[in-house]
Amino acid sequence: MTAEIVSVGAWAAFDRILALEGEVEDGATVSVMSHPPHEEVFFGDCSINVAAAAAALGAGAALATVVGEDFETSGYRDHLEALGVDLRGVVIHPGATSGWNLNISTPGGLSFCISHRDASRFQDSYTVPGEVVTEAQWLVVSESFGRYTLDAARLAHSAGVPVVLNGMVGSAGPMAPDFLDVASLLVINRAEMGALAEMVGPDHGPLRRVITEGSRGAQVIDGERQWRIEAVAPRRVADPTGAGDAFTAATVVGLSSGLALPDAARLGSAAASFVVEEVGCQTNLPTLEALENRLEGRL
């Protein structure tokens, strides 16, 4: 079985999402808004979000990641199998949980994440599933950026598989240049790009880049050519969590189908507009038909 898009990387797999009623200041007490209830847990993790979004869009998607035993008991495996994600590359670390993220936002637009990692901390002790990676058409690498994900990127690159870096590759520290050396495309937000440029220089890395800026759209760079992509407006904004992962997944699906990078990024913007409409990264994953309808003004 060959997957069109393979998503690799491990972090914390479950999300709790909190919206605060006020801004956070040193020593302050801030109330949590009543909706959504803080007890509700959502499926998450960047690499899994990418695989799920790609599968929902009709692409053959596979996942290579390290999770805990609750991946089975929580229904996460069943959820991904129902989407059609190939899970041969998923490793369950014995005795561990899959970890959780606490995603917090304020009315003023401040957002931050507190993560409790468990199984994913052992990612680098495992061997990359070579057959899954080398038979892909595209490899998307998300956090955590360490030995395991670098091995996957190098293996894909040596097999002629284009490598897409999704997000905060600067967190790789000294290994960041190694990731950039084998990448074909970088999809990253403006703040992460600034931090990365300070670390390795603005010109280090692939010539093809998509720099996202949330509601302000994205800058698309392909060598010396540049485009400005407007954000696709959602019907409402309920939760921004996971929008970037959906953007990356849909962009790669577009490239896989033969679209030019600017057109693929427009597809990514449309996918992000669906995800923000509901709470949770995978709650409102669109189909390819829904994206096309929204881009044409029919939805």
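None of the values given here were measured: they were computed from a predicted structure.

1. Points about the sheet that holds strand E3 (residues 42–43)
Next up, step 1: Here we have four strands laid out as an open sheet, ordered E3-E2-E6-E7, and mixed in their pairing. Because the sheet does not close on itself, it has two edges, and the strands there are E3 and strand E7 (111–116).
Next up, step 2: Across six bridges, strand E2 (residues 14–19) lies against strand E6 (residues 100–105) in parallel orientation. Residue pairing for E6: Arg16 is matched across the bridge by Leu102.

2. Some details on the pattern of salt bridges
Next up, step 1: All chains considered together, the criterion is met by 15 salt bridges.
Next up, step 2: Across the pair Arg77 and Glu72 runs a salt bridge, and its minimum N-O distance is 2.9 Å.
Next up, step 3: Taking the relative accessible area as the measure of exposure, Arg77 reaches 18% and is therefore buried.
Next up, step 4: On the accessibility criterion, Glu72 (37% relative accessible area) is partly exposed.
Next up, step 5: Its salt-bridge partner being Arg235, residue Glu277 comes within 3.0 Å of it at the nearest N-O pair.

3. Comments concerning the pairing of strand E9 (residues 163–166)
Next up, step 1: Of the two faces of E9, both are covered, the one formed by Val163 and Leu165 as well as the one formed by Val164 and Asn166.
Next up, step 2: Of the strand pairs in this sheet, E9 and strand E10 (residues 185–189) are connected by three bridges, and their pairing is parallel. When the bridges of E10 are listed, Val164 appears paired with Leu185.
Next up, step 3: Viewed along the sheet, the connection from E9 through helix H6 (residues 176–182) into E10 turns out right-handed.

4. Some points on unusual backbone geometry
Next up, step 1: The linkage connecting Glu143 with the following residue, Ser144, adopts the cis geometry, with an omega of 0°.
Next up, step 2: The phi dihedral of Asp45 is positive, around 85°, even though this residue is not glycine.
Next up, step 3: Mapped onto the elements of the fold, Asp45 is located in the loop between E3 and helix H1 (46–56).

5. Some remarks on the environment of Ala176
Next up, step 1: In this structure, Ala176 sits in helix H6.
Next up, step 2: When its relative accessible area of 0% is taken as the criterion, Ala176 is described as buried.
Next up, step 3: A C-alpha to C-alpha distance of 7.8 Å links Ala176 and Val200, two positions 24 residues apart in sequence.
Next up, step 4: Non-local contacts of Ala176, meaning those with residues more than four positions away in its chain, are made with Val169, Leu196, Met199 and Val200.

So, how was this worked out
- Residues numbered from 1 in each chain as written.
- Predicted model: local features only at pLDDT ≥ 70, side-chain atom pairs only at ≥ 80, totals over all residues.
- Heavy atoms only, no water.
- Pairing = 2+ DSSP bridges.
- Helix = DSSP H or I, 4+ residues; strand = E, 2+ residues; numbered from the N terminus.
- Salt bridge = Lys/Arg side-chain N within 4 Å of Asp/Glu carboxyl O.
- Buried < 20%, exposed > 50% of the residue type's maximum accessible area, 1.4 Å probe, protein only.
- Right-handed = clockwise from strand over helix to strand, strands pointing away.
- Contact = heavy atoms within 4.5 Å.

By themselves, these observations are geometric and do not establish any function.
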